[in-house]
Amino acid sequence: MPQVTSHTPGTFCWGELATPDAEASKTFYSQLLGWTWTDNPMGENMVYSMMQKDGNFVCGLFQIHEQMIAEGFTPHWVCYIATDDVESATARVTEAGGNVINGPFDVFDAGRMSVVADPAGATFGIWQPKDHIGAGLISEPGSLGWNEINTTDLAAAAGFYASVFGWSLNSAPMEKDEGDYHFFTLGETGVAGMIQIQPDWGDVPPHWSTYFCVEDVDATFQKAVEMGAEVLVPVMQESNVRFAYLKDPQGIVVGIVQFIPE
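Conventions adopted
- Residue numbering note: each chain is counted from 1, following its sequence as written.
- Two thresholds apply to this predicted model, a pLDDT of at least 70 for residue-level local features and 80 or more for giving and counting side-chain atom pairs, whereas whole-chain, interface and lining totals are computed over all residues.
- Computation of side-chain values: all heavy atoms of the structure, hydrogens and water removed.
- Secondary structure is summarised from DSSP: a helix means a run of H or I of at least four residues, a strand means a run of E of at least two, and numbering begins at the N terminus for each.
- Both definitions apply: the radius of gyration is a C-alpha atom measure, and the globule rule equals 2.2 Å times residues to the power 0.38.
- Between buried and exposed lies partly exposed: a residue is buried under 20% and exposed over 50% of the maximum accessible area for its type, with that area taken using a 1.4 Å probe on protein chains only.
- Any two residues having at least one pair of non-hydrogen atoms within 4.5 Å are treated as being in contact.
- Residue-level accessible areas treat just the shown protein chains as cover; the underlying method is Shrake-Rupley with a 1.4 Å probe.
- When a carboxyl oxygen of Asp or Glu is within 4 Å of a side-chain nitrogen of Lys or Arg, the pair counts as a salt bridge.

Asks: Looking at this structure, how should I read the overall build of the protein chain?
Replies: What the protein chain contains, in helices and strands, is five helices and 16 strands. Over its C-alpha trace the protein chain gives a radius of gyration of 17 Å, about what one expects of a compact globule, namely 18 Å for 262 residues. Relative to its 262 residues, the protein chain shows a buried fraction of 45%. The long-range fraction of contacts in the protein chain, counting pairs at least 24 apart against all pairs at least 6 apart in sequence, stands at 58%. Total accessible area on the protein chain stands at roughly 12,300 Å², and carbon and sulfur atoms take up 51% of it.

Spelled out as structure tokens, the structure:
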């Protein structure tokens, strides 16, 4: 997909990195994915960095502070789903058994948002654009490529996201050793994956995962490891998709993915 000027409601539109060390994270991802950035002061001791690829906004990044960590806020990638009415979407979250963590609230003139959690506790953002649509590049090297929910209750997750965003669950999951892999669609468009958290994963809470597209997943994987990333899932291939799952040097999990033309 080339540059985009709008996001269909119910599709992923933005990613945001909450990191304990903004400068280290900017260095790592700029070297790994070819990003540049613009720093935007957002108040006392707060800077929001708009990460860019070839002049297009691809995601955001900000540093979390010790007080936030002490209050239970963990470093992670935040997924945002587009809406044309954040009030209604946030109300549907509650009606479907989820929880509203914060919002809805305005982000200056950029947009209006909420931070919410599904019934199992996986958090994500809901974004209604004003001046900022979200990512201006999707499914291209250096930009958002895929999102998937790791959950403890497949049926509850399927019902929740159907109620809130109108997603449908593909009736034919992909069979994998670690459990069937399910696909969410919105109309004819694939929007996300879903997999059951397995007991041998250890103490892994329900969460959304973010994958970024790369031109060569093997080369990017090797470079990430050389820069201090920890391997969680080595490079694998399913059909025409090659991917890997890593923990970056700040301890934040992230995926990389390469779509291979059939």
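Asks: Looking at this model, I keep getting lost on the pattern of salt bridges. Mind explaining?
Replies: As a working rule, side chains carrying opposite charge can pair if their charged atoms are close by. Scanning all chains against the criterion turns up six salt bridges. We note a salt bridge from Asp39 to Lys26, for which the minimum N-O separation is 3.1 Å. Here Asp39, found in strand E2 (residues 36–41), pairs with Lys26, found in helix H1 (residues 22–33); they are 13 residues apart in sequence, far enough to count as distant. Look at Asp39 and you get partly exposed, because its relative accessible area is 36%. Judged by its relative accessible area of 2%, Lys26 falls in the buried class. Where Lys130 meets Asp106, a salt bridge forms, and the shortest distance between an N and an O atom there is 3.0 Å. With a gap of 24 residues between them, Lys130 in the loop between strand E8 (123–129) and strand E9 (144–151) and Asp106 in strand E6 (residues 99–107) connect regions that are remote in the sequence. On the accessibility criterion, Lys130 (46% relative accessible area) is partly exposed. The exposure class assigned to Asp106 is partly exposed, which follows from its relative accessible area of 43%. Each of Glu87, Asp106, Arg112 and Lys130 takes part in a single network of salt bridges with overlapping partners.

That is the geometry; function is a separate question.
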